Structure formats: structure tokens, C-alpha cells
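What the coordinates show
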Amino acid sequence: MKLLLTSAGITNPSIQGALIDLLGQPIADANALCIPTAGYGHPQGSPGGAWRFISGREPRTPMCELGWKSLGVLELTALPSIGEERWVPWVREADVVLVNGGDALYLHHWMRASGLADLLPSLHETVWVGLSAGSMVMTPRIGEDFVGWTPPTGGDETLGMVDFSIFPHLDHKDLPENTLADAERWAAGIQGPAYAIDDQTAIKVQGGSSEVISEGHWRLFTP
């Protein structure tokens, strides 16, 4: 699977160019599925937030409104009740999966419970575009600072499809707890490579290599 791990979606031309490169075709020719699930697990999540993500009415985090050929909604909490024979073909037919922010551990739980996590390694050409928690879920762990919803097994572990962790929304004006000093303290507890990225930055992952795409600022912490 090809990954574009963002803090806040497709926020500038450089990140959009990276998306088009991963897709190998114009956005207007690509079929997309969007996953709003993570938002329901976050304390500030709401039905309105899910609707704004799906409908492209959230200007701070552009994802679904980019002009896709088609756009569908994949709600992970519904998948266990309908059977893999129905939803797996939907995922396989998509060129790109757009994954909303919210609570990364809640998203991870439902990716496991739905069976989507098991399907991902076989999706070699599909592009996963994560927004905040939708990016963090691909990392080995998120760190105690970002634990909100608590999984039944406890801990802060996530999928581990990449070998680094992500601290999103670096120096965001509405998040005074997201300074570089906060990120450095967080990274010290990760015990592995970790990126702090602002909302103008993304990490492109393809073929086992990672590349930072940025019109903002970021920092790599190594143990």
C-alpha cells in the first residue's frame, strides 16, 4: 500500500503533487472511499464533524472535496454486520482511501475488528491518505499524550505499517500543547524514530522509502 500521511489533509500544492504522484493519474480519474470512523471516538467528535468531512465542508482539512471521479463512505463500525463478501470488493475497487482524524486508537480498534487491517497488505496499488489520527494509526505507537479512547487491551500500539511515529498539528494556533518542546518530550517516550509535523507537512511512503513533503516545518527525532 502507498501512504500519504498528513497532519491536516491536502493543504498545499506540494502535498497535492505528492498525492497525484502516488495515484499515477489525475484526481478527477480516481475513485475514492472515505472513512469517518475515527471522529466518533474523539471527545470533540460529533455527527456534524463526520458530515463536514464527508461532504467537504471542513476548509481546514481538505480531503473529500478535491474533485474525485467518485466518492463513497466506508464506515468501519458497520462492516462486521454485513460480511466481507460485500465490502471487500468496494475497497479493492478504490484507488484511494481517505481517512479522517479523531482518535487513533478507536480507529485502530475498528480497523482490526472490521477486518480492514488484515486486507491492507494485499492492496499494493491503493493509496491511503491519512489526516491526523488517520496517519497516526499506521505507526507502531502514538505515545501516551494521544491516548484518549482506551482500547480493551490497553496500551498505545497501532498498526505499525511504518517504522516511525507521528506528532501532528505542530505549533497549531488552537493547540497550545503542541509546541516543539511538547513534541520533543513526547518523542522521548516513543523510543523509536518520530516525526513532528505541522499542517503544511506530509510524509509520503512508497516502496519502503519515506519522504517528507512540506511547505511548513517539521522535525525528525531519533532515539
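Below, the structure is looked at part by part. (Residues numbered from 1 in each chain as written. Predicted model: local features only at pLDDT ≥ 70, side-chain atom pairs only at ≥ 80, totals over all residues. Heavy atoms only, no water.)

Describing the overall build of the protein chain
Of the regular secondary structure elements, the protein chain holds seven helices and 10 strands. What you see for the protein chain is a C-alpha radius of gyration of 16 Å, in line with the 17 Å of a compact globule of 223 residues. Dimensions of the protein chain along its principal axes, counting C-alpha atoms only, are 45 × 40 × 35 Å. For the protein chain, the accessible surface area stands at approximately 9,900 Å², while carbon and sulfur atoms represent 51% of it. If you average the places of the 13 positive and of the 26 negative side-chain charges in the protein chain, the two averages end up 4 Å apart. (Helix = DSSP H or I, 4+ residues; strand = E, 2+ residues; numbered from the N terminus. Rg over C-alpha atoms; globule rule 2.2 N^0.38 Å. Areas by Shrake-Rupley, 256 points an atom, 1.4 Å probe, with all protein chains shown as cover. Lys, Arg positive; Asp, Glu negative; His and termini not counted. Charge placed at Lys NZ, Arg CZ, Asp CG, Glu CD.)

Some words on the sheet that holds strand β5 (residues 127-131)
In spatial order, the strands read β3-β2-β4-β5-β1-β8-β9; together these seven strands make up an open sheet with mixed pairing. The outermost strands of the open sheet, each flanked by one partner alone, are β3 (70-73) and β9 (209-214). Put simply, the sheet's adjacent strands are angled 20 degrees from each other on average, direction ignored. Alignment of strand β8 (residues 201-206) against β9, held across six bridges, turns out to be antiparallel. Its bridge partner being in β9, K204 is matched across the sheet by E211. Contacting β1 (2-6), β4 (96-99), β5, β8 and β9, helix α1 (residues 13-23) runs over the sheet at an angle of about 15 degrees to β8. (Pairing = 2+ DSSP bridges. Axes fitted to C-alpha atoms, helices over the stretch in contact; angles between N-to-C directions. Contact = heavy atoms within 4.5 Å.)

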